[in-house]
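Overview (structure and organization)
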Amino acid sequence: MTRRIGLTGGIASGKTAVSDMLARRGAVIIDSDTLAREVVEPGTRGLEAIVERFATTVLTPDGALDRAKLGQIVFDDPVARADLNAIVHPAVRARAAELQLQAPPGAVVVQVIPLLVETGQADDFDLVVVVDADEAVQLRRLMQRNGYTPSQARARLKAQASRAERLEAADLVIDNSAGLPELEAQVDALWPRLAGEPRS
């Protein structure tokens, strides 16, 4: 029987590092960020719907989505963000469901969904794994990785579910406040549970 695992965490918590480690252990990874780009590529209904809502100003000269420009529009406008989510989220879920069906029998399918809690998907999975990190760690990583100012980094943290809300939805928690060796050890310890192996 295929195992459906939801993997989430706040921005800069280390979801990608954990999903890479799980992939090396045999998990099938379905990354909603990757799908969110796929469903708005040129020629898709998703991109058409975005242009209908936001006009051609959100396109690059070659007709692709200008994600930075669109991001500037929706970040400070809750109505615009909700409209964008109403276009992208259903398309991503439909594509993820297709990929889930294509997984081999008995596979451990891990869906990486940054907004799993915000979009109310926790009950859709056999287990929800939250990659957790202290907010100070997230802020530092955001500033180093994205070049954000402290206020920009804090604004992005506040735009997501709170740490407490994510932890409340978790069946399993991976603490990524330390380094990669510690993270790898936790993934090693959790893998049998994710794979549905009986405890020894």
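Structure report, in brief. These numbers come from a predicted model, not from an experiment. (Residues numbered from 1 in each chain as written. Predicted model: local features only at pLDDT ≥ 70, side-chain atom pairs only at ≥ 80, totals over all residues. Heavy atoms only, no water.)

Quick notes on the sheet that holds strand E1 (residues 3-9)
Strands belonging to one sheet form pairs held by backbone hydrogen bonds; the direction of such a pair is parallel or antiparallel. Note the cut-off: By definition, two strands form a pair when at least two bridges between them are found by DSSP. In this description a helix means any DSSP run of H or I spanning at least four residues, a strand means any run of E spanning at least two, and both kinds are numbered starting from the N terminus. Here an axis means a line fitted to C-alpha atoms, over the contact stretch when the element is a helix, while the angle between two N-to-C directions is reported on a 0 to 180 degree scale. Throughout, a contact is declared for two residues whenever any of their heavy atoms are within 4.5 Å.
If you walk across this open sheet you meet the five strands as E2-E3-E1-E4-E5, and the pairing is parallel. Single-partner strands in this sheet number two, and they are strand E2 (28-31) and strand E5 (172-175). Here the average twist between neighbouring strands, direction ignored, is 25°. In this structure, E1 lies alongside strand E3 (residues 108-112), joined through five bridges in parallel fashion. By the bridge assignment, leucine 7 is partnered in E3 with valine 112. Contacts from helix H1 (residues 15-24) reach E1, E2, E3, strand E4 (127-132) and E5 within the one sheet, and its direction differs from that of E1 by about 155°.

Describing the packing of H1 against helix H9 (residues 180-194)
Packed helix pairs are specified by the crossing angle of their axes together with the interaxial distance, meaning the distance between the axes. The line we're drawing: Working rule for angles: under 35 degrees goes down as roughly parallel, over 145 as roughly antiparallel, 65 to 115 as roughly perpendicular, anything else as oblique. Note: crossing handedness is left-handed where the near helix turns anticlockwise from the far helix by less than a right angle, and right-handed where it turns clockwise. Only Asp, Glu, Lys and Arg are considered charged, only Ala, Val, Leu, Ile, Met, Phe, Trp, Tyr, Cys and Pro nonpolar, and every remaining residue, Gly among them, polar.
Relative orientation of the contacting elements H1 and H9 amounts to 55°, with a least axis distance of 10 Å. Compared by their axis directions, H1 and H9 come out oblique. Between H1 and H9 the crossing geometry is right-handed. Of H9, the residues touching H1 (which contributes Ala17, Val18, Met21, Leu22 and Arg24) are Leu180, Leu183, Glu184, Val187, Trp191 and Leu194. The residue inventory of the contact of H1 with H9, partitioned by class, reads nine nonpolar, no polar and two charged.

On their own, these measurements won't tell you what the molecule is for.
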